[in-house]
Structures are given as structure tokens and as C-alpha cells.
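Observations on the model geometry
Read off the chains here:
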Amino acid sequence: FILAVETLGNLIRQNKNIKGININDTEIKILQYADDTSGILQDIKSAKEFLKTIDEFGKHSGLKLNIEKTEGMWLGKNKNNQSKPLGISWSNQPLKILGIYMSYNKEENNRLNFEEKITKCKQILNLWQTRNLTLLGKTQIVKTFIISQFSYPTRVNTIPDKYLDEINQMIFKFIWGSKKAKIKRNIMHNTIENGGLKVPDVKSIVQASRCIWIKKYTTPGENAWKTLFTNALIKSDLNHKIIFHCNFDIEQWPNRQLLSPINREILTEWFRFNNTSEISKTQIIWYNKSILIQRKAVFYPTFLQVGIICTDDLYHENKELRNFAFWKAKGIPNKDFLKWAGLVSAVTKHLKKNQREEEFFRSVNLESEELTFLNRSLTVVTPKFIYENLIQQKCGDITNTPRIARYTNIETNWSTYYKIALTIPIDTKTREFQYKFLHDALINNFWLKKWEILESDLCTFCQNAKEDIIHLFWECEHVKRFWNNFKEKYNTVLTEPLNLFLIVCSNSDPLLCTLILLAKRYIYECRFTSSNPDIQTFKWKVAYLRNTEFEIARRHCTVQKYLKKWEPLIV
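Cut-offs used in this document
- Residues numbered from 1 in each chain as written.
- Predicted model: local features only at pLDDT ≥ 70, side-chain atom pairs only at ≥ 80, totals over all residues.
- Heavy atoms only, no water.
- Axes fitted to C-alpha atoms, helices over the stretch in contact; angles between N-to-C directions.
- Helix = DSSP H or I, 4+ residues; strand = E, 2+ residues; numbered from the N terminus.
- Parallel < 35°, antiparallel > 145°, perpendicular 65-115°, else oblique.
- Contact = heavy atoms within 4.5 Å.
- Nonpolar A, V, L, I, M, F, W, Y, C, P; charged D, E, K, R; others polar.
- Pairing = 2+ DSSP bridges.
- Core = buried A, V, L, I, M, F, W, Y, C linked by side-chain atoms within 4.5 Å.
- Buried < 20%, exposed > 50% of the residue type's maximum accessible area, 1.4 Å probe, protein only.
- Lys, Arg positive; Asp, Glu negative; His and termini not counted.
- Salt bridge = Lys/Arg side-chain N within 4 Å of Asp/Glu carboxyl O.
- Polar contact = N/O pair within 3.5 Å; in protein donor to acceptor, adjacent residues only side chain to side chain.
- Phe/Tyr/Trp six-rings, centres within 6.5 Å; stacked < 30°, edge-to-face > 60°.
- pLDDT = per-residue confidence, 0-100.

**Structural notes on the packing of helix α5 (residues 161–176) against helix α7 (residues 202–218)**
Viewed as axis vectors pointing N to C, α5 and α7 meet at an angle of 130°, and their least axial separation amounts to 9 Å. By the angle between their axes, α5 is oblique relative to α7. From α5, L164, I167, N168 and I171 reach across to α7, where they touch V202, K203 and V206. Taken together, the residues of the contact of α5 with α7 break down into 5 nonpolar, 1 polar and 1 charged.

**A closer look at the pairing of strand β3 (residues 30–33)**
One face of the sheet, then the other: side chains in a regular strand alternate in exactly this way. Pairing between β3 and strand β4 (residues 36–39): 4 bridges, direction antiparallel. Within β4, the position partnered with Y33 by the bridge is D36. Where β3 hands over to β4, the hairpin turn is made up of 2 residues, of which A34 adopts a positive phi near 55°.

**Things to note about the nonpolar core**
Within the largest apolar cluster, 60 residues are counted, with the highest numbers of intra-cluster contacts made by F244, W286, Y287, I308 and I386. The contact partners of I386, leaving out residues within four places of it in the chain, are A208, C211, I212, F273, F373 and V381. In terms of nonpolar packing, the next biggest core, distinct from the first, is built from 54 residues, C462, F473, C526 and L545 among them.

**A look at the side chain of R431**
The topology assignment puts R431 in helix α15 (residues 428–438). No salt bridge is formed by the buried R431; the nearest opposite charge belongs to D427, separated by 7.7 Å. Only 3.3 Å separates the side chain of R431 from the backbone oxygen of I426, close enough to count as a polar contact. When neighbours within four sequence positions are excluded, R431 is seen to be in contact with L136, A421, L422, T423, I424, P425 and I426.

**Considering the environment of V199**
Position of V199 among the secondary structure elements: in the loop between α6 (185–189) and α7. Considering only alpha carbons, one finds V199 and W327, 128 residues apart in sequence, at a separation of 56 Å. Excluding residues within four positions of it along the chain, V199 makes contact with T139, I171, F172, I175, M188, H189 and Y387.

**Focus on the pattern of salt bridges**
Per the counting criterion, the structure on display carries 16 salt bridges. K122 is the salt-bridge partner of E166, the closest N and O atoms lying 3.2 Å from each other. With a gap of 44 residues between them, E166 in helix α5 and K122 in helix α3 (residues 106–129) connect regions that are remote in the sequence. A residue is classified by how much of its surface remains accessible, and E166, at 29% relative accessible area, is partly exposed. For the salt bridge of K565 with E549, the shortest nitrogen-to-oxygen distance reads 3.2 Å. Within this pair, whereas K565 is found in helix α22 (residues 559–566), its partner E549 is found in helix α21 (residues 535–555), the two being separated by 16 residues in sequence.

**Concerning unusual backbone geometry**
Phi is positive for L98, which is not a glycine, with a value near 55°. Inspection of the secondary structure puts L98 in the loop between β5 (95–97) and β6 (100–102). Among the residues examined, L98 registers a relative accessible area of 37% and is labelled partly exposed.

**Description of the packing of aromatic side chains**
Applying the stated rule across the entire model yields 42 aromatic pairs. Taken together, a centroid distance of 6.0 Å and an interplanar angle of 85° make the contact between W286 and F299 edge-to-face. In this pair, W286 is assigned in the loop between α9 (261–274) and β7 (292–293) and F299 in the loop between β8 (296–297) and α10 (301–305), connecting sequence segments 13 residues apart. Among the residues examined, F299 registers a relative accessible area of 17% and is labelled buried. Measuring from ring centre to ring centre gives 5.5 Å for F482 and W483, while their planes differ by 65°; the resulting arrangement is edge-to-face. Neither F482 nor W483 differs from the other in exposure class; each is buried.

**Points about the confidence of the model for the chain**
A low pLDDT means the predicted coordinates there should not be read in detail. On average, the chain scores 87 in pLDDT, and the residues at 70 or more come to 95%. Ignoring residues within four places in sequence, the model shows residues 277–281, a span with pLDDT below 50, making 22 contacts including any to other chains.

**Considerations on α15**
Most of α15 sits out of view: 9 of its 11 residues are buried. Considered for burial, the residues of α15 that qualify are T430, R431, E432, F433, Q434, Y435, K436, F437 and L438. Buried-residue contacts for α15 involve α4 (135–156), α6, α14 (414–423), α17 (469–475), α19 (500–505) and α20 (510–529). Looking at the residues trailing α15, positive phi occurs at D440, about 50°.

Right, here's the structure in full:
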């Protein structure tokens, strides 16, 4: 099919009677994607020839135009034209092209592209809300059914901040339901090792998609959108061959308003990563936000042509300034003397502020120089890499100390125990329980009194002390009695002393970790039934779990793995 349609594209491009739109000496007549074809035409005469060519093509190939689904839109100076020629639909409403609504009505575009999708996503989440899902399960639902709805529209359109905020609120309302959020959003966006659940951050996803446009743009190959982007840069006095190497700030550029909103966002996000606040001798002079003349970054094409690129290019190797006569001999005209003097003054001023010992550097040809992104070759940079770095910047690249550490003197590498909590081979309900346990997000009387739901914060079991998380799972006399019985019953499994550290952090041994987590869940269940935990009931729960895991292992042919885990308890 694609081969057949490509012949249609070539036929239209080669037809001199069909005139498209010329941008930088490049004529754009047709845009094709799968079975969708759009003509970008200069006049009605070209449009008639365009439809005639498609009709002729259909006679030979059998691929005929569906005239009922064909729509037209007036562009540019003709946007208010009310005529409806060619026998096709000319609607005043936004047109849907490849899933994106387009028109001159920005508010209507946003409503159709984002508001309707948000409404649809709320309906999806309401259906899933009725299920008793864990935080991990809800996070997976968001990744699968919600983020996919916005990944494409936000990649090609600007999305107002109010919609980003609404999407984030919708996601976290789904995750916590009608309950009060008990863990900060920045923590939940973070990686598992840093104490998070990798809940998607829509704003960071959008920013990553903006940066990846530059990789696509600089990848060899011709494309209509590349021509449009190049034209936009040139109109804004931005040299498309060197701009992405520069220490640029789009907000300082006087011609930024000539760029479309999506192009401004692309440049803003790219330079947000690749900018530096300091100036070094190896830094590019042009468009540099730290080298300002009359409070503006500058670019002089004639200076670039004679080899002035980096700050060291203004100096001889003995670090003496190259005078204007040197550059005049290379081709800079006399009228540019003041430009040269201003440039030398700006560079010298900033080099003095940022003095550093560096080897003398002679710049290279920027057009052949490989682009880098966060010190990594742009050819290997992926949206995932960019997103992960954005999350690091937003949430921090250090492991969050869990809230439970406030109640104990435990100092450890929490990253290890976060991973154990979410990767141990056990049901997701128990994984969620341990994650909430570490972040002190489980309900107890201490929190209920603080939220003014209960009048007393005394322990449910002993009624003698404040029921915080440590008392509930370790210090209560009834719980201590249970742990003593646990130690006697499972002495063969315990590879280390049964203490507060083991109760809080668990253990990397699969069986011991399973028993500890199951015991804590059992104690928590007893709190809600107001019954004291006893070892006999717990033994039944262990037996039920063993039988369940055996059935799963039998069905998946992993019985040997099951036997290895449960061997200490198999008589």
C-alpha cells in the first residue's frame, strides 16, 4: 500500500501545474502518513489539478478519493474566505488531521485536543476506581491508559499549564481516591531506588518530547517539517547551523516572538539542559547569554565566516589580543570596528569574572561538530534518558529518607530496602503495604487523632500508650508476645536477630522477607478487627500463602524455584 501511495506522491510533486507553498526555495505540495494525504496548495487552480491527479490515479490503482470525508481549509490571507469550491466540505470548525484538531481558533483547538481527552480519561479512571487496586496497580493503569492519550497531542502542540495541572490532579486523585494523599508527589514521581513509584509526571514528559525534536531535526534526511523549522529560525535571526551548540537563552532574544509557541518551547527546553551560568574560554561567543552587548546576546555572520567562534579565537596562542587589523585582513570591513570593540569588551569582562586555568583552545567547525546533550552524544539520547534527568532535577537524585526513620535511630542505605519492598516475589498488596509502612502512610490512632477523626490516640491492643507506627508493630506488649512466638516457630528461617531493624527494613532472603511482611500485614489486620495477634492464626495464613504459591509455580513450571524458597519450612 505504501509503495502504491508513494507513486501518487511523486506524481503530484512532479506535476508543474500543481503549485504548493515555497519555503526557503523548497516547495511543499503534499504531506502523507499511511492512508492520510494532505495537499498544501497555492491556489484553486492547483487544487483542481490536485484532485484531478488523485482521480486519475484511482482509475488505475483502485484507490479512490472519499469525497465525503475530504475537507478543505483556507490558509494565510484567505483564512476568512467564505467560498466553498471543488465540491468538498469547507467547515469553519477545526479540522482533524492525523488525530490533531487544527484551526485558527486556539481555544477551540485546546478544547478538542485536550479538554475532551481529559474528560475521556476521567471516565476511564472512574471505571478502574471501582476495583481494589494497589498504588502499584494504579500507577500502571496511568502509564497504560492515560499517558498514551496525551503523548502524541503534546508532542506536536503546546499545552496550557492549566491542562497540565488538571491532568496531574486527575492522576493523583485516582491514585489516592477519596483519601488524603499521604506521600508527597515529588517522592512518588521518583525512582524506586529513591523511594518513589515512578508515577508519571506529565510536565516532564512534555519537556522531554520537546528536547527530542532537536535530535530529530539534526538527524540527516529531508522532511517538510524540518524545512518549516529552519525557516522559522532564519526569520528569527537564529543561525540553524550553530544555534544548538550555543549557551543561549531564548527569553533574552528580541525576535523570539517571531517563533511559533511550539518552536519557542522546543528551544526553551533544549537550552534549559545545555546552558551554563558561567563562561569559559572554550565557550561559543554567539548567542551566548553571558556575553551581552547592550544587554543582548549577539550574532555577527561576517565574524563567524572569518573564524571567530569561541572566546579564545579573539587571542593569539600567547594570550595576546588579536587586533582589528588582523581580522580586517581576513575580511571584516572597517564599518564593523565598533562591533569588534564591543565584542572584545564583553568577552574580556566576563572572562575576568570567571577566571580559570584552561589549556589554550582553538575552535573547530561547528557545522561538523557532534551535538551533545548532558555530555552524552545526541545520537544515543532517548526521551527516556531526558525524562529521567528531568525527574532527577525536579525530585532530587538522592534517596529519600522514609518517614519511619523519624521514629527510630536506624541509619542505613534505604535504597536497598526500597527495592526489596517493591521487587520481593510476593503479591502486590503486600508490596504496597511495605511501601506505605516505610513512608508511615498506614492508618493508626496517632494520625487519626491528629486529623481530628478520633479523640484518643491510645493503642488498639493495649490501651496504655500512643499508637504510632513503631508502637503498633513492635512496642505493644501484645505485639511483642506475637513476635516472640514468631521467633520460636520460625527459628530455622531467621538468619539474624529479630529486632526493630529487621521488622522495619525486612531482609533480602525471599522466605524471611515474605514471613516478616506477612506478619506485619496480619498485625495491621488485627488492629481493624480489634483482636490480639496470635501465632496460630498466622500459621494458617502462611499455609494458605504456601499453597497459593505452589499452585502458581505448578502452572508456570517453576516448582523448583518454589521448593528452593520454602525449603526451610518443608518437612
